[in-house]
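Descriptive structure summary
Below are the chains, spelled out letter by letter.
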Protein chains: 2
Amino acid sequence: MPSASPSQTPPPVHATAAILSVGDELSLGQTTNTNSRWLAERLTSLGIITVEHVTVPDDEPALVAALLRLGSIAQLVIVTGGLGPTLDDLTRQALAQAMGDSLVEDPLALEQVEAWFTSRGRVMPALNKVQALRPTRAISLQNLHGTAPGLYAVLAGADCFCLPGPPREMHPMFDAAVVPRLKPPPGRTVATRVLHTIGIGESDLATRLGPMMKREGDEGVLVGTTASGGVVSVRLRYEGPLAPYDADHLLEKHMREVRVRAGAYVFGTADDTLPAVVLKLLHDRTQRVGTVESCTGGLAASMLTDTAGSSNAFAGGLITYSNLLKQQLAGVDPAIFAPEGPGAVSRECALAMAQGGLERLQTEHCLAITGIAGPGGAVPASGTRPGKPVGTVYIARASRQTEGGRVSTDVRHFTMNGDRHAVRDWSAKSALAMLRLHLIGAEELKLLRQAD
Amino acid sequence: MPSASPSQTPPPVHATAAILSVGDELSLGQTTNTNSRWLAERLTSLGIITVEHVTVPDDEPALVAALLRLGSIAQLVIVTGGLGPTLDDLTRQALAQAMGDSLVEDPLALEQVEAWFTSRGRVMPALNKVQALRPTRAISLQNLHGTAPGLYAVLAGADCFCLPGPPREMHPMFDAAVVPRLKPPPGRTVATRVLHTIGIGESDLATRLGPMMKREGDEGVLVGTTASGGVVSVRLRYEGPLAPYDADHLLEKHMREVRVRAGAYVFGTADDTLPAVVLKLLHDRTQRVGTVESCTGGLAASMLTDTAGSSNAFAGGLITYSNLLKQQLAGVDPAIFAPEGPGAVSRECALAMAQGGLERLQTEHCLAITGIAGPGGAVPASGTRPGKPVGTVYIARASRQTEGGRVSTDVRHFTMNGDRHAVRDWSAKSALAMLRLHLIGAEELKLLRQAD
């Protein structure tokens, strides 16, 4: 029911933003909100400061109140969620109500929703028709990755974008339909850089960076570290009056300083991932790697193959979860598993797996991982020896030397901590880190959690 | 500067809660907010409904405004963050200002902060003294896991608890100091259930559930669906006057109704995951599965082995990324890759991979996946044929029949959409879903995105 009609004039600039997330699953704590952070990070990098994040349940009055309030405190409001086809999806109605507007069917949006189903050989369920509704003064935004179109409207003097909740639909729509319409404030430059490290802990890295990390920054450059999934990233941020070119120049200078202080632990910048960097190092040398995995059960191979173009540098792998398969597939000597042998979780076994894989996968390099991921169920029955607690992992690398065909090897013993998932993740990444250190000639570096 | 003095009478009951998170690192998107979800989940389970989550930066006026507004819309306000010793920690001041109160040093709190340092053989830095400040009408809450004491006060007629930001300090303080002071509404029970499905789309599922999903609920039970990573979950929620036992009984009745309507697509409840359910079905039959993966490169195996105890039902796998390894490791007939053959991405190749794996991995079941994950780099050079776009995936299952040793097979052709990551994820899950359907005798069911 349209009532008041707030300002329909769009703001001249987007200095501030507010992010509104919609959904019972978020407000009741059933799901972690990842959209909100993603959006704030993108906005910050574009020079727009997020002043408030709000999450409300699937409740129309709460949604309308939040829209109006956020539209009055920020120049840009980004809403995620509540655009689905079901009755608990209320963003369309709430936006219309907050705008003092009513809903109308958008013929082009309907066509696009229908086309989405048709292109997948399906007929659009009648339910999805409501997704083509929009306030009369709003614009529908095409969704190339799902059925829910987005919406753009002026709300209470702010520019308001409503995007679908699923990240794989929301992210591309933000890039395609929101970013081109953003108006970051002129005369203020925000520039950021990021460097990624692997194999060094956050506090050791902070110690190396020393005075670069002081709270007030150095030459206006703030430096911070964040750790995520074993990768410790160094974030540099400039916000001030410098022209963009000069700000970039300043940040590059500080980047060089970080590289000097952090050394070979730095593996990349921006969107670089460890697997992509390793694959590129291999590709540049026209070499390939294979994997032989026990406790990681395919995770290291999966990390490599999740990167586009991995077939240039990854040939294949063996998952030798049982000791029998370690022998049959990778050719590990059965004596290793004998009562007096070192067992499946040992330096000897890791090395034999890597050497066997090198031969059978016919690659220049092979990485092998064997360990105890916990919480107990995955301990190979005949491979457990006293003194091998959960988190004990041996990782081996074997490489064919380009000259003479000799095989060079490196085996390391790690003591991982955390749950099964963490031990596996860290093991797979440490294997990739070992290969990287070998390829760049920095094999002397010790990796985090390496015992010997 | 104390000004107005809002109501100092605590609410008789906590029917509703609001959660306020404080910190630039959250508002600017540098860190994911996990506290908010944790608190909402705990409150929901205690019968208290979270009506709004808010995140504000380290900004005193914004913090004061949020405190006053949330105190007026909810009976319970939980604040996290901003209690540290540095200048950007503003929760103490903001609370005092919102209460129309001033700050005073709490001698007991100071003693506890000092003791925290002493017990670690350190002297309290002068900076930390401010952490013992509290509004005169507030109570300090002891922090056993860090230096920041919490605060409790009545604010705008609501009970307000301020807790430290680090989860390992916040969680125990919530349990020790907040939970005993909570007043969930008597005579109101909140109970929730969740069922997970795989292989059916969200709108098709909603159509099957039909009237169960009506907005006002059925017998007080609200039913909603959420999709995450291909798994569509049905969430049931009861909130009302029934005794907990009766509410559980009612939800179980509705759970049965969902199971009837959604059929064999339902694979589990609560914390069940698809890999864990498949492993349990195998374990119950003392059978094991192996994998032969091309485009998923170890992802299906990795999903299985990420589950504790997987070694009981998973033996190992082959990652046959190159066509040469498909032949050498899995025994695929080279004729398949010949110019006139069906190629690496074909029904024939998937079937040969599954049959070869069954033999070489010596398991009762084998799953094989071959396809084009995109964006192009991973297309096997000799396996691409016209008419096989990115997202074309063939998945095969081969199983040894318990009687007679005969091999039963199932091959399906899928048309996946999304990026490389999505195609791989969906492919691995579809393979597990195919094995599950076979094990429960529902192999006739078609899976989402299955072309034929």
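Because the structure is a prediction, the values reported are computed rather than measured.

Analysis parameters
- Residues numbered from 1 in each chain as written.
- Chains lettered and ligands numbered in written order.
- Predicted model: local features only at pLDDT ≥ 70, side-chain atom pairs only at ≥ 80, totals over all residues.
- Pairing = 2+ DSSP bridges.
- Helix = DSSP H or I, 4+ residues; strand = E, 2+ residues; numbered from the N terminus.
- Axes fitted to C-alpha atoms, helices over the stretch in contact; angles between N-to-C directions.
- Contact = placed C-beta atoms within 7 Å.
- Parallel < 35°, antiparallel > 145°, perpendicular 65-115°, else oblique.
- Left-handed = near helix turned anticlockwise from the far one by under 90°.
- Nonpolar A, V, L, I, M, F, W, Y, C, P; charged D, E, K, R; others polar.
- Domains from an automatic or database assignment.
- Core = buried A, V, L, I, M, F, W, Y, C linked by C-beta atoms within 7 Å.
- Buried ≥ 20, exposed ≤ 12 C-beta atoms within 10 Å, placed from the backbone.
- pLDDT = per-residue confidence, 0-100.

Description of the sheet that holds strand β11 (residues 231-240) of chain A
Residue and element names in this part refer to chain A.
- One open sheet holds the four strands; their spatial order is β10-β11-β9-β12, and the pairing between them is antiparallel. At either margin of the open sheet sits one strand with a lone partner, and together these are β10 (221-228) and β12 (266-269). Sheet twist, expressed as the average angle between the axes of neighbouring strands with direction ignored, equals 25°.
- Across ten bridges, the pairing between strand β9 (residues 189-198) and β11 is antiparallel. In the strand pairing of β11, Val-190 is matched with Glu-239.

Brief notes about the pairing of β9 of chain A
- Where β9 of chain A lies against β12 of chain A, three bridges are found, and the strand directions are antiparallel. Residue pairing for β12 of chain A: His-196 of chain A is matched across the bridge by Gly-268 of chain A.

Brief notes about the sheet that holds strand β13 (residues 289-293) of chain A
- Here ten strands make up an open sheet; going across it, the order is β17(A)-β16(A)-β15(A)-β13(A)-β14(A)-β14(B)-β13(B)-β15(B)-β16(B)-β17(B) and the pairing mixed. Either end of the sheet is taken by a strand with one partner, and the two such strands are β17 (407-415) of chain A together with β17 (407-415) of chain B. Put simply, the sheet's adjacent strands are angled 15° from each other on average, direction ignored.
- Where strand β13 (residues 289-293) of chain B lies against strand β15 (residues 365-371) of chain B, five bridges are found, and the strand directions are parallel. When the sheet's bridge partners are listed, Thr-291 of chain B is paired in β15 of chain B with Leu-367 of chain B.
- Docked against the sheet, helix α12 (residues 347-360) of chain A engages β13, β14 (314-320), β15 (365-371), β16 (392-400) and β17 of chain A, running at close to 35° with respect to β16 of chain A.
- This element, helix α11 (residues 323-330) of chain B, spans β14 of chain A together with β13 and β14 (314-320) of chain B of the sheet and lies at about 145° to β14 of chain B.

A look at the packing of helix α3 (residues 60-73) of chain B against helix α4 (residues 91-99) of chain B
Residue and element names in this part refer to chain B.
- Put simply, α3 and α4 touch, their axes get as near as 9 Å, and they point 50° apart. Considered as vectors, α3 and α4 are oriented oblique to each other. For α3 against α4, the interelement crossing comes out right-handed. Across the interface between the two elements, Glu-60, Leu-63, Val-64, Leu-67 and Leu-68 of α3 pack against Thr-91, Gln-93, Ala-94, Leu-95, Gln-97 and Ala-98 of α4.

Structural notes on the packing of helix α2 (residues 35-45) of chain A against helix α6 (residues 167-178) of chain A
Residues and elements named next belong to chain A.
- Relative orientation of the contacting elements α2 and α6 amounts to 15°, with a least axis distance of 11 Å. Comparing their axes, α6 and α2 come out roughly parallel. Once α2 is placed against α6, the crossing between them reads as right-handed. Contacts between α2 and α6 involve Asn-35, Trp-38, Leu-39 and Arg-42 from the first element and Pro-167, Met-170 and Phe-174 from the second.
- Residue composition of the contact of α2 with α6, by class: five nonpolar, one polar and one charged.

Let's talk about the domain arrangement of chain A
- Assigned domains of chain A: these are domain 1 (16-181), domain 2 (189-269) and domain 3 (274-439).
- Domain 1 of chain A and domain 3 of chain A are separated by 45 Å when their C-alpha centres are compared.

Side note on the nonpolar core
- If you look at the biggest cluster of nonpolar residues, it comprises 159 residues, and the most contacted ones within it are Ala-300, Met-353 and Ala-354 of chain A together with Ala-300, Met-353 and Ala-354 of chain B.
- Not counting the four nearest positions on each side in its chain, Ala-300 of chain B is found in contact with Thr-291, Glu-293, Leu-367, Ile-369, Ala-428, Ala-431 and Leu-432 of chain B.
- One finds Leu-39, Val-51, Leu-141 and Ala-153 of chain B within the second-largest nonpolar core, a separate group that totals 94 residues.

Quick look at the confidence of the model for chain A
- The pLDDT averaged across chain A works out to 91; a share of 95% of its residues lies at or above 70.
- Considering only residues more than four positions removed or in separate chains, one finds that residues 377-385 of chain A, a stretch of pLDDT under 50, has 22 contacts.

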